[in-house]
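The chain contents come next:
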Amino acid sequence: MLNGFGLVSILFIRTVIGTAALCILVRGRLPKVGWKAHALLAAAALTGVCLYFVLENIALMYTTASNVSVIVSTSPLVTGLLAWWILRDHMPHWTYYAGFAGAMAGIWLVSGGECGESSLPGDMLALAAAVCWAVYSILIRLTDRTQLPVAIVTRTTFLYGLIFLGAALWLSGESIAVQSLTSASNILNLLFLGLGASAFCFFAWNYAVQQLGPVRTTIFLYAVPLITVILAAMMLAERITPSGIWGIALTIAGMVLAQRRPPAETGQG
């Protein structure tokens, strides 16, 4: 797709498709809420729908995919600290930090067991993307206090996201190549990104955050590099190295350990 579209153009088009799907499938108007609720939804759109993807994609232009994969995976740690500070949740237990360390070691091994040529601007952009996703997850948790249905929260967030991505598209100077929209493969890829990776996955993530909380939900981000390696082996015939196998085991162990909570917190939401 990058042969026919710019990075921001892809983000904008997939969000248009996702927003259209949510507007069709999600019934009901947004109830009358105060400006604070709208500000909360707009902030979630800015951090999660717009800045996270824009920063991550730009980071890939300046640093390696391995670096970005490892750095973005620090988002659960940032989420845990923000939840303690903003949501007044319990300070993460030592098992959370131990799980983080194990999962990060596993992700490092899965990504090749070495860091690529480091680029400070690219690495900092990847770190900023991780922070944006952590903030987005916290904001989605705060929307639970507005008592808005998660489907309406997702739809409204996407509508605000279109505004921010439209501004990002204008600032980037990219133009959407209409001729590229005539390609069947491009259309199918955009539909997957818009309907699957955007509309469905954002709804599923928002629902999980409201049910499990942002800290427990973001722990599952550790699985992204793991699943990527497995699918690459199945679909692209890429070889899983011995260090990759150890990385997968460490990542799974880190996820399990990070999910453990002390007895005093067991049973609490």
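Residues numbered from 1 in each chain as written. Predicted model: local features only at pLDDT ≥ 70, side-chain atom pairs only at ≥ 80, totals over all residues. Heavy atoms only, no water.

**Q** Go over the overall build of the protein with me, naming the residues and quoting the values.
**A** Across its full length, the protein holds eleven helices and zero strands. Listing every helix and strand of the protein by position from the N terminus yields α-α-α-α-α-α-α-α-α-α-α. Taken over C-alpha atoms, the radius of gyration comes to 19 Å for the protein, in line with the 18 Å a tight globule of 269 residues would show. Per-residue burial over the protein gives 46% buried out of 269 residues. Across the protein, the fraction of contacts at a sequence separation of at least 24, relative to all contacts at a separation of at least 6, is 87%. With the model as given, the accessible surface of the protein reaches about 13,900 Å², and the carbon-plus-sulfur share is 70%. One way to put it: in the protein the 13 positive side-chain charges average out to a point 19 Å from where the 9 negative ones average out. (Helix = DSSP H or I, 4+ residues; strand = E, 2+ residues; numbered from the N terminus. Rg over C-alpha atoms; globule rule 2.2 N^0.38 Å. Buried < 20%, exposed > 50% of the residue type's maximum accessible area, 1.4 Å probe, protein only. Contact = heavy atoms within 4.5 Å. Areas by Shrake-Rupley, 256 points an atom, 1.4 Å probe, with all protein chains shown as cover. Lys, Arg positive; Asp, Glu negative; His and termini not counted. Charge placed at Lys NZ, Arg CZ, Asp CG, Glu CD.)

**Q** Describe in detail the side chain of Thr-251, supporting the description with residues and values.
**A** For Thr-251, the location among the structural elements is in helix 11 (residues 242-259). Judged by its relative accessible area of 1%, Thr-251 falls in the buried class. Setting aside residues up to four positions removed in sequence, Thr-251 forms contacts with Gly-102, Ala-103, Gly-106, Ile-107, Tyr-222 and Leu-226.

**Q** So, the environment of Gln-179: which residues are in play, and what are the values?
**A** Examined against the element boundaries, Gln-179 turns out to sit in the loop between helix 7 (150-172) and helix 8 (184-212). Judged by its relative accessible area of 60%, Gln-179 falls in the exposed class. Gln-179 sits 69 residues away from Val-110 along the chain, and the two C-alpha atoms are 38 Å apart.

**Q** Please give an account of the side chain of Thr-19 that cites residues and values.
**A** For Thr-19, the location among the structural elements is in helix 1 (residues 7-25). A distance of 2.6 Å separates the side chain of Thr-19 from the backbone oxygen of Thr-15, its partner in a polar contact. (Polar contact = N/O pair within 3.5 Å; in protein donor to acceptor, adjacent residues only side chain to side chain.)

**Q** Can you tell me about helix 4 (residues 75-86), naming the residues and giving the values?
**A** Here helix 4 is twelve residues long and its end C-alpha atoms lie 16 Å apart, about the 16 Å a rise of 1.5 Å per residue gives. At the C-terminal side of helix 4, Arg-88 shows a positive phi close to 60 degrees. (Expected span 1.5 Å × (residues − 1).)

**Q** Provide a residue-level description of the packing of helix 6 (residues 120-143) against helix 8, including the pertinent values.
**A** Where helix 6 contacts helix 8, the axes come no closer than 9 Å and their chain directions differ by 65 degrees. As helix 6 packs across helix 8, the resulting crossing turns out to be right-handed. Between helix 6 and helix 8, the contacting residues are Trp-133, Tyr-136, Ser-137, Ile-140, Arg-141 and Thr-143 on the first element and Phe-202, Trp-205, Asn-206, Val-209, Gln-210 and Gln-211 on the second. Of the residues assigned to the contact of helix 6 with helix 8, the class counts are six nonpolar, five polar and one charged. (Axes fitted to C-alpha atoms, helices over the stretch in contact; angles between N-to-C directions. Left-handed = near helix turned anticlockwise from the far one by under 90°. Nonpolar A, V, L, I, M, F, W, Y, C, P; charged D, E, K, R; others polar.)

**Q** Give me the nonpolar core: which residues, what numbers.
**A** As a rule of thumb, nonpolar side chains are buried together in soluble globular proteins. One finds Tyr-52, Trp-133, Tyr-136, Phe-202 and Tyr-222 to be the most contacted residues of the largest nonpolar core, which totals 54 residues. Formed by six residues, the second largest nonpolar core is a distinct cluster that contains Ile-10, Ile-13, Leu-190 and Leu-193. (Core = buried A, V, L, I, M, F, W, Y, C linked by side-chain atoms within 4.5 Å.)

**Q** Which residues make up unusual backbone geometry, and what values go with them?
**A** Within the chain, Gln-147 stands out as a residue other than glycine whose phi angle is a positive 60 degrees. For Gln-147, the position within the fold is in the loop between helix 6 and helix 7.

**Q** Tell me what's going on with the packing of aromatic side chains, and back it up with residues and numbers.
**A** One pass over the structure, following the stated rule, counts eleven aromatic pairs. Ring geometry for Tyr-96 and Tyr-97: centres 5.9 Å apart, planes at 85 degrees, overall edge-to-face. Look at Tyr-96 and you get buried, because its relative accessible area is 4%. Arg-14 extends its terminal NZ or CZ atom over the ring of Phe-53, reaching a point 4.8 Å from the ring centre. (Phe/Tyr/Trp six-rings, centres within 6.5 Å; stacked < 30°, edge-to-face > 60°. Lys NZ or Arg CZ within 6 Å of the ring centre and 35° of its normal.)

**Q** Explain the environment of Ile-17 residue by residue, including any values.
**A** In this structure, Ile-17 sits in helix 1. Spatially, the C-alpha atoms of Ile-17 and Leu-191 are 7.1 Å apart, while their sequence positions differ by 174 residues. Residue contacts for Ile-17: discarding those within four places in its chain leaves Leu-190, Leu-191, Gly-194 and Leu-195.

**Q** Requested: an account of helix 1, with residues and values cited.
**A** Working note: α-helix, 3.6 residues per turn, so residues spaced by three or four point in the same direction. Along its 19 residues, helix 1 runs 27 Å from first to last C-alpha, staying within 8% of the 27 Å computed at 1.5 Å per residue. All of the buried residues in helix 1 are Val-8, Ser-9, Ile-10, Leu-11, Ile-13, Arg-14, Thr-15, Ile-17, Gly-18, Thr-19, Ala-21 and Leu-22. Here the buried face of helix 1 lies against helix 2 (35-59), helix 7 and helix 8.

**Q** Which residues make up the state of the cysteines, and what values go with them?
**A** Counted according to the given criterion, the structure contains zero disulfides. Considering cysteine sulfurs only, Cys-132 is the nearest to Cys-50, which forms no disulfide, with 9.0 Å between them. Here Cys-201 stays unpaired: no disulfide links it, and the sulfur of Cys-23, its closest cysteine neighbor, is 18 Å away. Take Cys-201: its relative accessible area is 39%, and that puts it in the partly exposed class. (Disulfide = S-S within 2.5 Å.)

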